[in-house]
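One letter stands for each residue in the lines below.
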Amino acid sequence: MAGDSRILMDHNMEIGVTPAQVKKLPKHLREAQISTERTHLISDPAKKPRQRYVQKDGKCNVHHGNVQETYRYLSDLFTTLVDLRWRLSLFIFTLVYVVNWLFFGFLWWLIALIRGDLLHAGEEGWTPCVENLNSFVSAFLFSIETETTIGYGYRVITEKCPEGIILLLVQAILGSIVNAMMVGCMFVKISQPKNRAETLMFSHKAVISVRDNKMCLMFRVGDLRNSHIVEASIRAKLIRSQQTKEGEFIPLNQTDINIGFDTGDDRLFLVSPLIISHEINEKSPFWEMSLAHMEKEEFEIVVILEGMVEATGMTCQARSSYLDTEVLWGYRFTPVLSLEKGFYEVDYNNFHEVYETNTPICSAKELAAKLREGPLLPQLPILSPEPIKHTFDPLNRLSNPDPLTLDEDKEERDSGGDRGEKNGSAAALEDPPLLDGLPD
């Protein structure tokens, strides 16, 4: 008897019978990734950890080495400064200003030295280029006051120093350029939209299960902020090594995964968490992958969410990835949206939670072939055609039945039985029995 039950369970598992009641897998079992008879996990404890192409936080795990043409970085100096780490950016920011002040301070000191202002400092009747400039330190302080437009009033340039006037103009112009560049770099670095991506969430796992008799690969995305991402769109890539028919080996080949590009489902209204679904059809790279086949594959799914930040209008991009060991076969996501009094509430405690469900272990191609042979899952009854409209009011007819009409209908039903044997269901639809069950 137990053997028959096991055979029946395996048969139901292969054809994809949906259970009457789905129970949630306990958390400690999900973390341990223990496979059951009803569902299977793609992750295999025996597999060695692989190197990611894209980290979970969206950082690309690629380093550029042996770059000979390093001058290309200087051709786009602004972007190079923005891409530097914070400690390097702050160091360069401070260094540029200090060097600039020292350079122009040296020029002011050099003018004073050439003119003899340092030798005649404090003499009556001597008009220096810059009053009260008698050392390199005072020249450095005057350079800072000039470029930052502080103007303490103690050191001032005189009108009898044309070379000082020219240097003043040059320092004012170059100082404005330095301020614009360095302050611009810091502003762009602070307001980079990648910081906005920190509040965009991706589920820790991706799942594979059946939706509407079709195998689907699904993952969940969400936005923690109340300010939404405008014109959000999402796309996915399959990263895996490939060998061509000619024997060429292509490492980390990228293949598009259709998640609604042709239907517009890739454009999201990300107000609440959404489950992104990829239908595994003939054009899908997972079309011929069964559970056993996928357990042997090594791949990575990279998902990219793009949109404009509502507050700043800057384009934001958030990335994440799923290794083959992070794709769960036979699971679905736990709902997170509930209706409260006057609003919808999102429970982010269940954002990463999944529950198990019966799913065929065959490939989507084999499942489609079985579905063409006959329905595998219990189907809802087919809706009957729309009733033929009549010119009379059925409510008035039901409330005030005419005895003559009742006799005529009875005769038509009696004769309609013989006619129905000849014409089939079409004859039965010509005059639907509206008065069945009414007392004569």
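**Focus on the overall build of the protein chain**
- Within the protein chain, the secondary structure is distributed over 12 helices and 14 strands.
- Looking at the protein chain as a whole, 33% of its 440 residues qualify as buried.
- Of the roughly 28,600 Å² that the protein chain leaves accessible, carbon and sulfur atoms contribute 57%.

**Structural notes on the packing of helix H6 (residues 136–147) against helix H7 (residues 162–190)**
- With their axes 9 Å apart at the nearest point, H6 and H7 run at an angle of 65° to one another. Handedness of the crossing formed by H6 with H7: right-handed. Judged by residue contacts, Ser 143, Thr 146 and Glu 147 of H6 engage Leu 168, Gln 171, Gly 175 and Asn 179 from H7.
- Counted by class, the contact of H6 with H7 contains one nonpolar, five polar and one charged residues.

**A short note on the environment of Asn 61**
- Counting through the fold element by element, Asn 61 comes out in the loop between helix H2 (27–32) and helix H3 (71–75).
- Between the C-alpha atoms of Asn 61 and Gln 51, which are 10 residues apart in sequence, the distance is 8.4 Å.
- Leave out the neighbours within four places in its chain, and Asn 61 touches Gln 51, Arg 52, Tyr 53 and Gln 55.
- Here Arg 52 takes part through its backbone oxygen, which lies 3.2 Å from a polar atom of the side chain of Asn 61.

**Considering the state of the cysteines**
- Per the stated rule, a full pass over the model turns up one disulfide.
- A sulfur-sulfur distance of 2.0 Å marks the disulfide that ties Cys 129 to Cys 161. Across the S-S bond linking Cys 129 and Cys 161, the dihedral sits near -80°, which makes this disulfide left-handed. Of the two residues, Cys 129 sits in the loop between helix H5 (86–115) and H6 while Cys 161 sits in the loop between H6 and H7, which places them 32 residues apart along the sequence.
- Since its relative accessible area comes to 2%, Cys 129 is described here as buried.

**Comments concerning a positive patch on the surface**
- On the surface, Lys 59, Arg 85, Arg 87 and Lys 194 cluster together into a patch of positive charge.
- Turning to its location among the elements, Lys 59 is positioned in the loop between H2 and H3.
- Assessed through its relative accessible area of 57%, Lys 59 is described here as exposed.

**Focus: the packing of aromatic side chains**
- Going through the model one piece at a time under the given rule, you end up with nine aromatic pairs.
- Centre to centre, the rings of Phe 106 and Trp 109 are 6.0 Å apart; their planes meet at 35°, and the pair counts as tilted. Taken as a pair, Phe 106 and Trp 109 lie in helix H5 at a separation of three residues, close to a single helical turn.
- Joined through ring pairs, the aromatic side chains of Phe 93, Tyr 97 and Trp 101 make up one cluster.
- For the cation-ring pair, Lys 189 lies above Trp 86, with the distance from its terminal atom to the ring centre recorded as 5.3 Å.

**Describing the pattern of salt bridges**
- The final tally for this structure, using the stated rule, is 12 salt bridges.
- The salt bridge involving Arg 155 is made with Glu 145; its shortest N-O contact spans 3.6 Å. Placement of the pair is Arg 155 in the loop between H6 and H7 and Glu 145 in helix H6, with a sequence separation of 10 residues. With respect to class, Arg 155 is no different from Glu 145; both count as buried.

**Here we look at the confidence of the model for the protein chain**
- On average, residues of the protein chain score 78 in pLDDT, and 74% of them are at 70 or above.
- Confidence over residues 415–440 falls short of pLDDT 50; this stretch has 19 contacts with residues more than four positions distant or in other chains.

**What about H7?**
- With 29 residues, H7 should cover 42 Å at 1.5 Å per step; its first-to-last C-alpha distance of 42 Å lies within 8% of that length.
- Of the positions making up H7, those classed as buried are Gly 164, Leu 167, Gln 171, Gly 175, Val 178, Met 182, Gly 184, Cys 185, Met 186 and Lys 189.
- On its buried face, H7 is in contact with helix H4 (77–83), H5 and H6.

**Some points on the nonpolar core**
- Met 215, Phe 219, Val 221, Ile 234, Phe 286, Ile 301 and Leu 305 are the most contacted members of the largest nonpolar core, which totals 40 residues.
- In terms of residues, this core owes the most to one element, strand E4 (residues 229–243), which gives five residues.
- With residues up to four places along the chain from it excluded, the contact list for Phe 286 reads Leu 217, Leu 238, Ile 257, His 278, Ile 280, Met 294, Phe 299 and Ile 301.

**A word on the packing of H5 against H6**
- Close contact between H5 and H6 brings their axes to 8 Å; oriented N to C, the two are set at 120°. By the angle between their axes, H5 is oblique relative to H6. Pair H5 / H6 crosses with right-handed handedness. Each of Tyr 97, Asn 100, Trp 101, Leu 102, Phe 104, Gly 105, Phe 106, Trp 108 and Trp 109 in H5 lies in contact with H6, whose residues at this interface are Phe 136, Ala 139, Phe 140, Phe 142, Ser 143, Ile 144 and Glu 147.
- For the contact of H5 with H6, the per-class residue count stands at 12 nonpolar, three polar and one charged.

**Focus: the environment of Val 309**
- Within the fold, Val 309 resides in strand E8 (residues 300–309).
- Measuring from C-alpha to C-alpha, the distance between Val 309 and Ser 227 comes to 8.0 Å, with 82 residues separating the pair along the chain.
- In this structure, Val 309 is in contact with Pro 193, Arg 196, Met 314 and Cys 316, ignoring residues within four places of it in sequence.

**Quick notes on a nonpolar patch on the surface**
- On the surface, Ile 166, Val 170, Ile 173, Leu 174 and Ile 177 cluster together to form a nonpolar patch covering roughly 450 Å² of accessible area.
- Structurally, Ile 173 can be placed in helix H7.

Rules used throughout
Residues numbered from 1 in each chain as written. Predicted model: local features only at pLDDT ≥ 70, side-chain atom pairs only at ≥ 80, totals over all residues. Heavy atoms only, no water. Helix = DSSP H or I, 4+ residues; strand = E, 2+ residues; numbered from the N terminus. Buried < 20%, exposed > 50% of the residue type's maximum accessible area, 1.4 Å probe, protein only. Areas by Shrake-Rupley, 256 points an atom, 1.4 Å probe, with all protein chains shown as cover. Axes fitted to C-alpha atoms, helices over the stretch in contact; angles between N-to-C directions. Left-handed = near helix turned anticlockwise from the far one by under 90°. Contact = heavy atoms within 4.5 Å. Nonpolar A, V, L, I, M, F, W, Y, C, P; charged D, E, K, R; others polar. Polar contact = N/O pair within 3.5 Å; in protein donor to acceptor, adjacent residues only side chain to side chain. Disulfide = S-S within 2.5 Å. Patch = residues over 30% accessible without salt bridge, like charges linked within 9 Å, V, L, I, M, F, W, Y side chains within 5 Å. Salt bridge = Lys/Arg side-chain N within 4 Å of Asp/Glu carboxyl O. Lys, Arg positive; Asp, Glu negative; His and termini not counted. Charge placed at Lys NZ, Arg CZ, Asp CG, Glu CD. Phe/Tyr/Trp six-rings, centres within 6.5 Å; stacked < 30°, edge-to-face > 60°. Lys NZ or Arg CZ within 6 Å of the ring centre and 35° of its normal. pLDDT = per-residue confidence, 0-100. Expected span 1.5 Å × (residues − 1). Core = buried A, V, L, I, M, F, W, Y, C linked by side-chain atoms within 4.5 Å. Parallel < 35°, antiparallel > 145°, perpendicular 65-115°, else oblique.

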